[in-house]
Amino acid sequence: MEIFDIMEPSACEDLKAFERRLTEVVSSYGPSTLRWRSKNFFCIVNVYLTNICFTVVLATISICTAIGAYYWLRDPRTSIVPLIESLLLHPMFTVATMMLVILFIMGIHKLVFAPKIITTRMRTVLSDFNMSCDDTGKLILKPRPNNNLDGNSR
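Quick summary incoming for the structure in this document. Quick caveat, the model's predicted, so the values are computed rather than measured. Counting from 1, residues in each chain are numbered in the order their sequence is written. It should be noted that, the model being predicted, local features are given only for residues of pLDDT at least 70 and side-chain atom pairs only at 80 or more, the latter also being counted only at that level, while totals for whole chains, interfaces and linings use all residues. Neither water nor hydrogens contribute to the side-chain values; these are computed over all heavy atoms in the structure.

1. Quick word on the overall build of the protein
Turning to step 1, where the next piece is worked out: The secondary structure listing takes helices from DSSP runs of H or I that are at least 4 residues long and strands from runs of E that are at least 2 residues long, numbered from the N terminus. Regarding its fold elements, the protein presents 5 helices and 2 strands.
Turning to step 2, where the next piece is worked out: Walking the protein from its N terminus toward its C terminus, one meets helices and strands in the order α-α-α-α-α-β-β.
Turning to step 3, where the next piece is worked out: Only heavy atoms enter the contact rule, under which two residues are in contact if any of them lie within 4.5 Å. Sequence-distant contacts in the protein: of pairs separated by 6 or more residues, those separated by 24 or more amount to 53%.
Turning to step 4, where the next piece is worked out: Surface exposure here means Shrake-Rupley accessible area, sampled with a 1.4 Å probe, where a residue is shielded only by the protein chains that are shown. A total accessible area of about 11500 Å² is found for the protein, and carbon and sulfur atoms account for 65% of it.

2. What about helix α1 (residues 9-28)?
Turning to step 1, where the next piece is worked out: A helix is expected to reach a length of 1.5 Å times the quantity of its residues less one. Compared with the 28 Å implied by 1.5 Å per residue over 20 residues, the 28 Å span of α1 between its first and last C-alpha is a close match.
Turning to step 2, where the next piece is worked out: Working definition: with a 1.4 Å probe on protein chains only, accessible area under 20% of the residue-type maximum means buried, over 50% means exposed, and in between means partly exposed. Buried within α1 are the following residues: Cys 12, Leu 15, Leu 22, Thr 23 and Val 26. Down the axis, α1 shows its buried residues gathered within 100° of arc, on one side only. The exposed residues of α1 that point more than 90 degrees off its buried face are Pro 9, Glu 13, Asp 14 and Arg 20. Along the arc lie the directions from the helix axis toward the C-beta atoms.

3. Thoughts on the side chain of Thr 119
Turning to step 1, where the next piece is worked out: Among the structural elements, Thr 119 can be located in helix α5 (residues 108-126).
Turning to step 2, where the next piece is worked out: Taking the relative accessible area as the measure of exposure, Thr 119 reaches 3% and is therefore buried.
Turning to step 3, where the next piece is worked out: Look past the residues within four positions of Thr 119 in its chain and what remains in contact with it is Val 26, Cys 133, Asp 134 and Asp 135.

4. Remarks on unusual backbone geometry
Turning to step 1, where the next piece is worked out: We note that Asn 130 has phi near 55°; this positive angle belongs to a residue other than glycine.
Turning to step 2, where the next piece is worked out: By secondary structure assignment, the location of Asn 130 is in the loop between α5 and β1 (131-133).

5. Some thoughts on the pattern of salt bridges
Turning to step 1, where the next piece is worked out: Whenever Lys or Arg places a side-chain nitrogen within 4 Å of a carboxyl oxygen from Asp or Glu, that contact is recorded as a salt bridge. With the rule as written, the count across this model stands at 3 salt bridges.
Turning to step 2, where the next piece is worked out: Between Arg 21 and Glu 24 there is a salt bridge whose closest N-O contact spans 2.9 Å. With Arg 21 and Glu 24 both in helix α1 and 3 residues apart, this pair spans about one turn of that helix.
Turning to step 3, where the next piece is worked out: Residue Glu 24 is classed as partly exposed on the basis of its relative accessible area, which comes to 47%.

6. Considerations on the nonpolar core
Turning to step 1, where the next piece is worked out: Here, nonpolar core means buried Ala, Val, Leu, Ile, Met, Phe, Trp, Tyr and Cys residues that are tied together by side-chain atoms lying within 4.5 Å of each other. Within the largest apolar cluster, 8 residues are counted, these being Leu 15, Leu 22, Val 26, Met 122, Leu 126, Met 131, Cys 133 and Leu 139.
Turning to step 2, where the next piece is worked out: Counting residues per element, the ones that place at least two in this core are α1, α5 and β1.
Turning to step 3, where the next piece is worked out: Considering each element in turn, this core owes the most residues, 3 residues, to α1.
Turning to step 4, where the next piece is worked out: With residues up to four places along the chain from it excluded, the contact list for Leu 126 reads Phe 18, Met 131, Ser 132, Cys 133 and Leu 139.

7. So, the packing of aromatic side chains
Turning to step 1, where the next piece is worked out: Within 6.5 Å between ring centres, the rings of Phe, Tyr and Trp (the latter by its six-membered ring) count as paired, and their orientation is classed by plane angle as stacked under 30 degrees, edge-to-face over 60, tilted in between. Within the structure shown, the criterion is met by 2 aromatic pairs.
Turning to step 2, where the next piece is worked out: Taking the centre distance of 5.4 Å and the plane angle of 75° together, the rings of Tyr 70 and Tyr 71 count as edge-to-face.
Turning to step 3, where the next piece is worked out: Given a relative accessible area of 52%, Tyr 71 falls into the exposed group.
Turning to step 4, where the next piece is worked out: Ring centres of Trp 72 and Phe 93 lie 4.8 Å apart, and the angle between their planes is 15°; this geometry places the pair in the stacked category. Of the two residues, Trp 72 is situated in helix α2 (residues 41-74) and Phe 93 in helix α4 (residues 91-106); the sequence distance between them amounts to 21 residues. An identical accessibility class is assigned to Trp 72 and Phe 93; each is buried.

Taken by themselves, the reported measurements are silent on function.
Shown next, in the form of structure tokens:
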């Protein structure tokens, strides 16, 4: 017996409406080119791959910036030469830092982390109602806990 079979029709409709809205909110935080394709299988795969791609790009640029900063700060010429000349002597750091700034201005950090933040917060709230959700916003209904305080089973 499915859980929707024992629920009232209005409660079932409310849950389905809530699920549609939650899915819409989670998908709206993804890249804007995917919004018009939100009903097919390839969209879900594409959203995961795009988020992974954004995460990899952000991590790679961050690592390059950190490595470049290490060598830039360890260079004894850094404190002697002017800033512009010092940056020109360390092109990896300069380019990686500029790319990181451009990516943050474009909002890549929102595209990578926003859907995960939304779903994590929703899972916390939904746990009070014996529900959860997946990464796309689909509701997961959990069975009601058995409140057998007196030890009698029915």
